[in-house]
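Structural overview for review
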Amino acid sequence: MKPINIGLMGVGTVGGGTATVLKRNAGEISRRAGREIRLIQAANRDRARAQAVLGPDVPVVADALEVVNNPDVDIVVELIGGDTIAKELVLKAIANGKHVVTANKKLLALHGTEIFACAQEKGVMVAFEAAVAGGIPIIKTLREGLAANRIEWIAGIINGTSNFILTEMRDKGASFADVLAEAQKLGYAEADPTFDIEGHDAGHKLTIMAALAFGIPMQFDQCYLEGISQLDGRDIRYAEELGYRVKLLGLTRRTDKGVELRVHPTLIPESRLIANVDGVMNAVLVKGDALGPTLYYGAGAGALPTASAVVADIVDITRLLTSDPEHRVPHLAFQPDQLQDLPILPIAEVTSSYYLRIGAIDRAGVLANITRLLAENGISIEALIQKGSVSDGTAEVVILTHRVQEKAINHAIAGIEALDSVAGKVVRLRMEELND
């Protein structure tokens, strides 16, 4: 059969890894795909560096539009990143009738609904396994493997940088600032780490998974984001004492009122498998009504793990090139006319359990006032510990609550902070059981 020709846009870490996998495993890939797959052109602003990575057999151009407009290219692989020029290139490739493979989670989370609609109209495929959790095949799992299930919720550790920082803070008792500096030195964190540590990266990935799980449009602008930059090492220690681990968790859940879509530091019981995912590794826990909970674990980033997902998408498209577009697996798992307009719940409407750390003057009656305010807001206590008095005459009280709506806990915290016996702000973290 006629070989399938690939045009690669972006020869960075993942682009170089993709070229390596295509070349190293060419025979095995051809056997799986049913025909030869060839990388015939690449685009990169630094042509000399890209040419050194790819070797002399793959011509490199500076203008990615040359790849998109090349009539010999069957599948365009977009590994540039961002949501500006990448969007223009992907939409142009689709308009030219070319299939697209992308690892660009930001592009899809912000513009996926538009991109998939254009692809549907042109009868081409947009594959994006590498956009979420690197080499872990979670997109194929949600689109195909769990098609018999009504997905109830998804919880994921889907940012390796944040997971590395939290692991090191726990294991070494180091401060956030010190561990962040170490992560930057090791290459796990960017010079400007905001995208990772404030939850944006995880939010993009969670938005994509929620769309696949519940058959809803991409709605990143509705995703609640709370990062880890303000975490205090004390809270990680106290959580450990109470039998919990703190993780930056992306969680989406279907409820009677709508869909939860939130990223934030979360206490998870240490007995849960996902609580023991450490370092830069990723994991996604999916609860289906028929199968129950299943955990998907592996490398969430890196040249070869991510390239594994990119090349798998290329193989999938190659297998399906001759199939009727109406009978391919839909981009968002559900048929386009079956997408639902479910509301995304504001964080105040979300129900969770909570960890509270309160600095209070160590005198009689203070604890009674705190528990009274919780009771008045319908909040019941699961556990309470008091740490010893510190030099300024205050003690730290740590309270774990049962599940309650967020607006109730916010109202209670406002009342607690107004007490003259309470010093400073109340630290609040959410808790999830995640029975696996």
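Report follows, based on the coordinates. (Residues numbered from 1 in each chain as written. Predicted model: local features only at pLDDT ≥ 70, side-chain atom pairs only at ≥ 80, totals over all residues. Heavy atoms only, no water.)

When helices and strands are tallied, the chain shows 15 helices and 17 strands. For 436 residues, the compact-globule estimate of 2.2 N^0.38 gives 22 Å, and the C-alpha radius of gyration of the chain, at 24 Å, lies within 12% of that figure. A buried classification covers 54% of the 436 residues belonging to the chain. When contacts within the chain are restricted to residue pairs at least 6 apart in sequence, those whose partners lie at least 24 apart make up 73%. Carbon together with sulfur atoms contributes 50% to the accessible area of the chain, which is approximately 18,200 Å² in total. Across the chain, the mean location of the 44 positive side-chain charges is 3 Å away from that of the 54 negative side-chain charges. (Helix = DSSP H or I, 4+ residues; strand = E, 2+ residues; numbered from the N terminus. Rg over C-alpha atoms; globule rule 2.2 N^0.38 Å. Buried < 20%, exposed > 50% of the residue type's maximum accessible area, 1.4 Å probe, protein only. Contact = heavy atoms within 4.5 Å. Areas by Shrake-Rupley, 256 points an atom, 1.4 Å probe, with all protein chains shown as cover. Lys, Arg positive; Asp, Glu negative; His and termini not counted. Charge placed at Lys NZ, Arg CZ, Asp CG, Glu CD.)

A word on the sheet that holds strand 2 (residues 37-43). Read from one edge to the other, the open sheet built from 6 strands follows the order 3-2-1-4-5-6, with strand pairing classed as parallel. The open sheet has two free edges, formed respectively by strand 3 (60-61) and strand 6 (126-127), since each of these has just one partner strand. Bridging between strand 1 (residues 4-9) and strand 2 involves 6 bridges; their strand directions are parallel. By the bridge assignment for strand 2, N5 is matched with R38. Docked against the sheet, helix 13 (residues 303-320) engages strand 1, strand 2, strand 4 (75-78), strand 5 (99-102) and strand 6, running at close to 160° with respect to strand 5. (Pairing = 2+ DSSP bridges. Axes fitted to C-alpha atoms, helices over the stretch in contact; angles between N-to-C directions.)

The next thing to look at is the pairing of strand 11 (residues 281-288). Summarising burial for strand 11: 6 of the 8 residues are buried, a large majority. Here 6 bridges tie strand 7 (residues 151-157) to strand 11, and the two strands are oriented antiparallel to one another. From the neighbouring strand, I151 faces strand 11, where its bridge partner is G288. Relative to strand 12 (residues 292-299), strand 11 runs antiparallel, the two being bridged by 8 bridges. The residue bridging L285 from the neighbouring strand is L295, located in strand 12. Linking two consecutive strands that pair antiparallel, namely strand 11 and strand 12, is a turn of 3 residues.

With that settled, consider the pattern of salt bridges. With the rule as written, the count across this model stands at 35 salt bridges. Residues D278 and K247 are paired through a salt bridge, measuring 3.0 Å at the closest nitrogen-oxygen approach. With D278 in the loop between strand 10 (259-269) and strand 11 and K247 in strand 9 (residues 244-254), the pair connects residues that are 31 residues apart, well separated along the chain. Judged by its relative accessible area of 0%, K247 falls in the buried class. (Salt bridge = Lys/Arg side-chain N within 4 Å of Asp/Glu carboxyl O.)

If you walk through the whole model with that rule in mind, you get 2 aromatic pairs. For the ring pair F116 and F128, a centre distance of 5.3 Å and an interplane angle of 35° mean the geometry is tilted. Pair noted here: F116 is in helix 6 (residues 105-122) and F128 is in the loop between strand 6 and helix 7 (138-145), with a separation of 12 residues, a long-range link. Taking relative accessible area as the criterion, F116 reaches 6% and is therefore assigned buried. Overall, F128 belongs to the buried group, its relative accessible area being 1%. Plain terms: the ring middles of F164 and Y188 are 4.8 Å apart, the flat faces sit at 65° to each other, and that makes the pair edge-to-face. Of this pair, F164 sits in helix 8 (residues 160-172) while Y188 sits in the loop between helix 9 (176-186) and helix 10 (194-197), and the two are 24 residues apart along the sequence. Look at F164 and you get buried, because its relative accessible area is 7%. (Phe/Tyr/Trp six-rings, centres within 6.5 Å; stacked < 30°, edge-to-face > 60°.)

With that out of the way, let us pick up the environment of P343. Examined against the element boundaries, P343 turns out to sit in the loop between helix 13 and strand 13 (351-361). The class of P343 is partly exposed, set by a relative accessible area of 44%. A sequence separation of 103 residues divides P343 from E240, and the C-alpha atoms of the two residues are 35 Å apart. In this structure, P343 is in contact with K257, G258 and V259, ignoring residues within four places of it in sequence.

Okay, the packing of helix 6 against helix 11 (residues 200-214) next. Where helix 6 contacts helix 11, the axes come no closer than 8 Å and their chain directions differ by 55°. For the element pair helix 6 / helix 11, the angle class is oblique. Every pair of crossing elements has a handedness; the one defined by helix 6 and helix 11 is left-handed. For the pair formed by helix 6 and helix 11, the contact residues are K105, K106, L108 and A109 on the first element and D201, H204, K205, T207 and I208 on the second. (Parallel < 35°, antiparallel > 145°, perpendicular 65-115°, else oblique. Left-handed = near helix turned anticlockwise from the far one by under 90°.)

Once that is clear, we can look at the nonpolar core. Counting 80 residues, the largest nonpolar core has I138, I165, I208, M209 and V286 as its most contacted members. It is helix 11 that contributes the most residues to this core, 9 residues altogether. When residues no more than four places from it in sequence are discounted, the contact partners of M209 are V132, I138, L142, I154, I158 and V284. Among the nonpolar cores identified, the runner-up in size contains 31 residues, and I4, L8, L54 and I317 belong to it. (Core = buried A, V, L, I, M, F, W, Y, C linked by side-chain atoms within 4.5 Å.)

We now examine helix 5 (residues 85-95). Of all the positions in helix 5, only A86, K87, L89, V90, L91, A93 and I94 are classed as buried. In this structure, the buried side of helix 5 is in contact with strand 1, helix 4 (64-68), strand 4, strand 5, helix 6 and strand 6. Of the residues trailing helix 5, G97 is marked for its positive phi of about 80°.

In this structure, R262 sits in strand 10. Within the local environment of R262, its side chain forms a polar contact with the side chain of E260, the two groups lying 2.8 Å apart. (Polar contact = N/O pair within 3.5 Å; in protein donor to acceptor, adjacent residues only side chain to side chain.)

Turning next to the pairing of strand 4. Burial of strand 4 is two-sided: the residues I75 and V77 facing one way and the residues V76 and E78 facing the other way are all buried. Pairing of strand 1 with strand 4 involves 4 bridges; the strand directions are parallel. In the strand pairing of strand 4, L8 is matched with V77. Taken together, the 4 bridges between strand 4 and strand 5 define a ladder with parallel strand orientation. When the sheet's bridge partners are listed, I75 is paired in strand 5 with H99.

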